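One-letter residues, chain by chain:
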Amino acid sequence: MGSAILFSYPEIGTIAGVQGAITYAACSALPLLSFAILTPTLRKKLPGGFILTMWVKERYGQYAGIYLTLLSIGTMFLYMVAELSSLQQVISALTGLDGLPVVIVEVVVTAIYTSLGGFRISFLTDNLQGILIAILIIICAIAIGTSVDIDRSRIGPSKLAEPRELGYQLIYILFIGILFSIMFLSNYWMRAFASKTDKDLWIGVSIATIVIFIILLLVSCTGFIAAWAGVWEPGVYGGLAFFLLLAKLPSWVIGFTIVMVVALSCAIFDSLQSAMVSTISNDLFKNKLSLLWVRIFVLLVSVPAIIVALKSPSILRIFMISNIFSCAAMPSILLGLFDAMYFLQGVDIIIAGVGGMLSVFLFGCAYYGDAKQAAELIILTSGLYAEDWSVFGVFVAAPVGSLIFLALAVACRMGIVWVRCKIYGGRFDCFDKPALREDGVVGEGDGSFSGSLEDVEGRKVVN
């Protein structure tokens, strides 16, 4: 969790109130359990793996692996933008200074120490991050509780304590979006595969789920607290609610918060850098390109991330856009984990992913009757909180449309093979089960992967 949580979660609190705060916190924490569920299966299918894209390449083939790699890199890029944007907004909001120098320093410093320490240093900063965020939450909770006065007359008119239609929509929107989105983040998979045993993984993920829910719920609550305290008014960007509350606190709390936020931001950004390095090196260059050049490339990628971040986009909107693409691509990919779906091939999941996004556009056309509005719906131009069912429909159309296109792709592919067999002769073999390799792996890949329990930098990831 980086400094972006201080924007996106309070924003939910200002829009959907208590119901939205609880929903967002729960829907952010519970999907972590999916790693404890899926990782043991992935370990059996690909013992030497350490990121999801390695299994996809082995299961579906090279082109499908590249397809997922590009989507993963794109998702991590959006998370980089969100983190850098939130950092520069924090510095600007709390100090009135230009946040650009701080952002540049963070990018350079994290690039230097991850180059020297590899992914192991990212684990170290995670431990530090956990301590810092606990201290930050405790101090801010005490300071807000003792220094902020809630005007009870504002609670009723704000309607933030009442359940709303949007709040019920968010239960599905946020859960399904976050569930599939985090599976594109290689830094999550690297941590899951780094667990010593499946039991240790379950213990770690279970603790994380509980702790993260509590922390995110407390952060989300600052949204409606700011509204009830009169420091935030409707029409103001809800992502500033936490910092509007901080303005009411003693100056030492604000200074402490700035230090903690920078530390949190560095901890998440170095994870994204390490994950992107590993993904690019392993998936695109098969570990044949020097890590130095890969790190230089990742550093260059940070330049457009900084440029976009300086435009101060809505952090929550960035996350939601990545969630839409994830919902379109990931469901069909994960079906390959089931042995009964052995007949799926790489071309099928690529068509399914593209079809999922096309389904969102088609839904928008049907809902609005306008192609321009339908295109804008893909990037949530109107925001997450449209007072209708359009956003809910997006998160239904993406996964459902993806699966429909998957079925159509399989049917068309098999139909073409059947016709060719009838015309030119030969046996229809689309339902033949692939041979079991000596290492116990079943898949459509080219068999070129050589399993290793070491990461791309030669350092032990799994003990």
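The model shown is predicted, which means the values in this text are computed figures rather than measured ones. (Residues numbered from 1 in each chain as written. Predicted model: local features only at pLDDT ≥ 70, side-chain atom pairs only at ≥ 80, totals over all residues. Heavy atoms only, no water.)

Trainee: What is the right way to look at the layout of surface pockets in this model?
Mentor: In this structure, the largest pocket spans a volume of roughly 1,500 Å³. Along its surface, the largest pocket is lined by 45 residues, and Met1, Tyr188, Arg191, Ala208 and Ile212 are the ones closest to its centre. Those elements that place two or more of their residues in the lining of the largest pocket are helix 1 (5–29), helix 4 (62–95), helix 5 (100–147), helix 7 (165–181), helix 8 (186–193), helix 9 (198–229), helix 11 (251–284) and helix 13 (315–334). For the lining of the largest pocket, the element with the highest residue contribution is helix 9, accounting for 10 residues. Counted by class, the lining of the largest pocket contains 30 nonpolar, 11 polar and four charged residues. (1 Å grid on protein atoms, 1.4 Å probe; cavity = no way out; pocket = protein on both sides within 12 Å on 5 of 7 lines; lining within 4 Å. Points joined across faces, edges and corners; volume = space filled by probe spheres on them. Helix = DSSP H or I, 4+ residues; strand = E, 2+ residues; numbered from the N terminus. Nonpolar A, V, L, I, M, F, W, Y, C, P; charged D, E, K, R; others polar.)

Trainee: Is there a simple way to explain helix 1 in this structure?
Mentor: An α-helical segment advances 3.6 residues per turn. Residues three or four places apart therefore align on the same side. Its 25 residues give helix 1 an end-to-end C-alpha distance of only 13 Å, which falls more than 12% under 36 Å, the value for a rise of 1.5 Å per residue. Approximately 140° is the largest bend angle found in helix 1, and it occurs at alanine 16. In terms of residue burial, helix 1 counts as a mostly covered element, since 21 of its 25 residues are buried. (Expected span 1.5 Å × (residues − 1). Bend = angle between axes of the 7 residues up to and from the residue. Buried < 20%, exposed > 50% of the residue type's maximum accessible area, 1.4 Å probe, protein only.)

Trainee: It is not clear to me how the packing of helix 13 against helix 16 (residues 390–424) should be interpreted in this structure. Could you clarify?
Mentor: One can describe the packing of helix 13 onto helix 16 by two numbers: an axis separation of 8 Å at closest approach and a directional angle of 25°. With respect to their mutual orientation, helix 13 and helix 16 come out roughly parallel. Every pair of crossing elements has a handedness; the one defined by helix 13 and helix 16 is right-handed. Each of Met320, Asn323, Ile324, Cys327, Ala328, Pro331 and Ser332 in helix 13 lies in contact with helix 16, whose residues at this interface are Val394, Phe395, Ala398, Pro399, Ser402, Leu403 and Leu406. A breakdown of the residues in the contact of helix 13 with helix 16 according to their chemical character gives 11 nonpolar, three polar and no charged. (Axes fitted to C-alpha atoms, helices over the stretch in contact; angles between N-to-C directions. Parallel < 35°, antiparallel > 145°, perpendicular 65-115°, else oblique. Left-handed = near helix turned anticlockwise from the far one by under 90°. Contact = heavy atoms within 4.5 Å.)

Trainee: I would appreciate a short explanation of a nonpolar patch on the surface in the present structure.
Mentor: A cluster of nonpolar side chains, namely Leu70, Leu284, Phe285, Leu289, Leu292, Trp293, Ile296, Leu300, Val303 and Ile307, defines an oily patch on the protein surface of about 950 Å² accessible area. When residues of the nonpolar patch are assigned to their parent elements, the largest contribution, six residues, is made by helix 12 (residues 291–309). Here leucine 284 is to be found in helix 11. For leucine 284, a relative accessible area of 35% translates into the label partly exposed. (Patch = residues over 30% accessible without salt bridge, like charges linked within 9 Å, V, L, I, M, F, W, Y side chains within 5 Å. Areas by Shrake-Rupley, 256 points an atom, 1.4 Å probe, with all protein chains shown as cover. Salt bridge = Lys/Arg side-chain N within 4 Å of Asp/Glu carboxyl O.)

Trainee: Explain the domain arrangement of the protein chain to me, please; I cannot follow it from the model alone.
Mentor: It is common to give the size of an interface as the accessible area that goes away when the parts come together. Under the domain assignment, the protein chain is made up of domain 1 (4–311) and domain 2 (314–432). A C-alpha centroid distance of 26 Å is found between domain 1 and domain 2. Of the roughly 3,500 Å² buried between domain 1 and domain 2 on both sides combined, carbon and sulfur atoms contribute 75%. Joining domain 1 to domain 2, the criterion identifies one salt bridge. With a shortest N-O distance of 2.9 Å, aspartate 339 and lysine 45 are connected by a salt bridge. Elements with a contribution of two residues or more to the side of domain 1 that touches domain 2: helix 1, helix 2 (33–45), helix 3 (52–60), helix 4 and helix 7. No other element matches helix 4, which puts 13 residues into the side of domain 1 that touches domain 2. Across the side of domain 1 that touches domain 2, the residue classes tally to 31 nonpolar, nine polar and five charged. (Domains from an automatic or database assignment. Buried area = accessible area lost by both parts, 1.4 Å probe.)

Trainee: Teacher, can you tell me more about the environment of alanine 194 here?
Mentor: You can see alanine 194 is positioned in the loop between helix 8 and helix 9. For alanine 194, a relative accessible area of 14% corresponds to the buried category. The sequence separation of alanine 194 and leucine 289 amounts to 95 residues, and the corresponding C-alpha distance is 24 Å.

Trainee: Is there a simple way to explain the packing of helix 3 against helix 13 in this structure?
Mentor: A pair of packed helices is captured by two measures, namely the crossing angle of their axes and the spacing between those axes. Orientation of helix 3 relative to helix 13, taken along the N-to-C sense of each, is 60°, at an axis distance of 11 Å. What the angle tells us is that helix 3 and helix 13 run oblique. As helix 3 runs across helix 13, the sense of the crossing is left-handed. Contacts between helix 3 and helix 13 pair Leu52, Trp55, Val56 and Tyr60 from the former with Met330, Ser332 and Ile333 from the latter. Of the residues that constitute the contact of helix 3 with helix 13, the class distribution is six nonpolar, one polar and no charged.

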